[in-house]
Amino acid sequence: MPSFDIVSEVEQQEVLNAVENANRELDTRYDFRGVEATFTLSDQVVTMKAEAEFQLQQMLEIFRAKVIKRGLDARSFTENEVVHSGKTYSQSLSLLQGIDTPTAKKLVKLLKDSKLKVQASIQGDQVRVTGKKRDDLQEAIAFVKQSELEQPFQFTNFRD
């Protein structure tokens, strides 16, 4: 029986490349000359540090542009609160890896309500979709892509 998995993964190397490219652009931009501003990546969190809050907003736009240029989805990052400490402001962007249970339940309910001839089941941090025909699975992929959920999805492990 044909099946595929719906996952939400971001390639760590591409995130590292985006962070390095953003740092490189900070070094060349005139409005960041003489300003201590950096991007750092540790585990699943990108941290931005600058001397002013408006600079963080500019840095966020730079980072989003670099992420999109690397082929990643900007919705893969959730913004956390801006923290003011001494003379620096910092903001962290958490990387979304895996599908959390409430989102997975929404996805399964969405597929069941769509009247497509597929079955969806939650397996850890991914959703497995099975159907009798390959065409049904392709319709399910198209349906999930056009549905507006707050997280980007990838489709892997397509088996006939």
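Everything here concerns the structure above.
As the structure is a computational prediction, the values presented were derived from the model and not from experiment.

1. Points about the overall build of the protein
Item 1. Summing up its helical and strand segments, the protein has 4 helices and 8 strands in all.
Item 2. Tracing the protein from N to C terminus, the helices and strands come up as β-α-β-β-α-β-β-α-β-β-α-β.
Item 3. A compact globule built from 160 residues would reach a C-alpha radius of gyration of about 15 Å, whereas the protein, at 19 Å, exceeds it by more than 25%.
Item 4. If one aligns the C-alpha atoms of the protein with their principal axes, the spans along those axes are about 60 × 25 × 25 Å.
Item 5. Burial analysis of the protein (160 residues in total) assigns 40% to the buried set.
Item 6. A fraction of 61% describes how many contacts in the protein between residues 6 or more apart in sequence connect residues 24 or more apart.
Item 7. Here the protein carries 22 positive and 25 negative side-chain charges, and the mean point of each set is 6 Å from the other.

2. Thoughts on the packing of aromatic side chains
Item 1. Under the defined criterion, the tally for this structure stands at 3 aromatic pairs.
Item 2. Ring centres of Phe4 and Phe155 lie 5.9 Å apart, and the angle between their planes is 70°; on these two criteria the pair is classed as edge-to-face. Linking Phe4 in strand S1 (residues 3-7) with Phe155 in strand S8 (residues 154-159), this pair joins segments that are 151 residues apart in sequence.
Item 3. Exposure remark for Phe4: the relative accessible area of 1% places this residue in the buried category.
Item 4. Classification of Phe155 by relative accessible area gives partly exposed; the value is 24%.

3. Let's talk about the packing of helix H1 (residues 12-28) against helix H2 (residues 53-69)
Item 1. At a closest axis distance of 9 Å, the pairing of H1 and H2 adopts a crossing angle of 130°. By the angle between their axes, H1 is oblique relative to H2. As H1 packs across H2, the resulting crossing turns out to be right-handed. Where H1 abuts H2, its residues Ala18, Val19, Asn21, Ala22, Glu25 and Leu26 lie against Met59, Ile62, Phe63, Lys66 and Val67.
Item 2. Here the residues of the contact of H1 with H2 are counted per class, giving 8 nonpolar, 1 polar and 2 charged.

4. Here's the deal with the sheet that holds strand S4 (residues 77-85)
Item 1. Pairing in this open sheet of 4 strands is antiparallel, and the strands run S2-S3-S5-S4 from one edge to the other. Bordering the open sheet on either side are strand S2 (38-42) and S4, each of which pairs with just one other strand. Going across the sheet, the axis of each strand differs from the next one's by a mean of 20°, ignoring polarity.
Item 2. With 7 bridges joining them, S4 and strand S5 (residues 88-95) adopt antiparallel strand pairing. By the bridge assignment, Phe77 is partnered in S5 with Leu95.
Item 3. Here H1 sits on the sheet and contacts S2, strand S3 (45-50), S4 and S5; the angle it forms with S2, its principal contact strand, is near 165°.
Item 4. Across the sheet, H2 is in contact with S2, S3, S4 and S5; its angle to S3 comes to roughly 140°.

5. Structural notes on unusual backbone geometry
Item 1. Residues other than glycine seldom take positive phi values, yet Asp43 does so here, at roughly 55°.
Item 2. Of note, Asp43 is situated in the loop between S2 and S3.
Item 3. Phi at Lys115 takes a positive value of approximately 65°, unusual for a residue other than glycine.
Item 4. Within the fold, Lys115 resides in the loop between helix H3 (101-113) and strand S6 (118-123).
Item 5. By relative accessible area, which is 71% here, Lys115 ends up exposed.

About the criteria used
- Along each chain, residue indices are assigned from 1 in the same order as the chain's sequence is written.
- Since the coordinates come from a predicted model, pLDDT governs what is reported: local features require at least 70, and pairs of side-chain atoms require 80 or more to be given and counted, while whole-chain, interface and lining totals use all residues.
- Excluding hydrogens and water, the side-chain figures rest on all heavy atoms present in the structure.
- Secondary structure elements follow DSSP: runs of H or I of four or more residues count as helices, runs of E of two or more count as strands, with numbering from the N terminus.
- Radius of gyration: over C-alpha atoms. The globule rule applied is 2.2 Å multiplied by the number of residues raised to the 0.38 power.
- A simple rule labels every residue: compare its accessible area, found with a 1.4 Å probe on the protein chains alone, to the largest value its type can have, and call it buried under 20%, exposed over 50%, or partly exposed in between.
- Contact between two residues is taken to exist if any of their heavy atoms lie within 4.5 Å; hydrogens are not considered.
- Counted as positive: Lys and Arg. Counted as negative: Asp and Glu, with His and the chain ends omitted from the count.
- Charge positions come from single atoms, namely NZ of Lys, CZ of Arg, CG of Asp or CD of Glu.
- Side-chain rings of Phe, Tyr and Trp, where Trp is taken by its six-membered ring, are said to pair if the distance between their centres is within 6.5 Å; with planes under 30 degrees apart they count as stacked, over 60 as edge-to-face, and otherwise as tilted.
- Here the axes come from fitting lines to C-alpha atoms, over the contacting stretch only for helices, and the angles between their N-to-C directions go from 0 to 180 degrees.
- For classification purposes, an angle smaller than 35 degrees is called roughly parallel, one larger than 145 roughly antiparallel, one from 65 to 115 roughly perpendicular, and anything else oblique.
- Helix crossings get a hand from a simple test, with the near helix turned counterclockwise from the far one by less than a right angle marking a left-handed crossing and a clockwise turn marking a right-handed one.
- Classes in brief: Ala, Val, Leu, Ile, Met, Phe, Trp, Tyr, Cys and Pro nonpolar; Asp, Glu, Lys and Arg charged; the others, Gly included, polar.
- Two strands are counted as paired when DSSP detects at least two bridges linking them.

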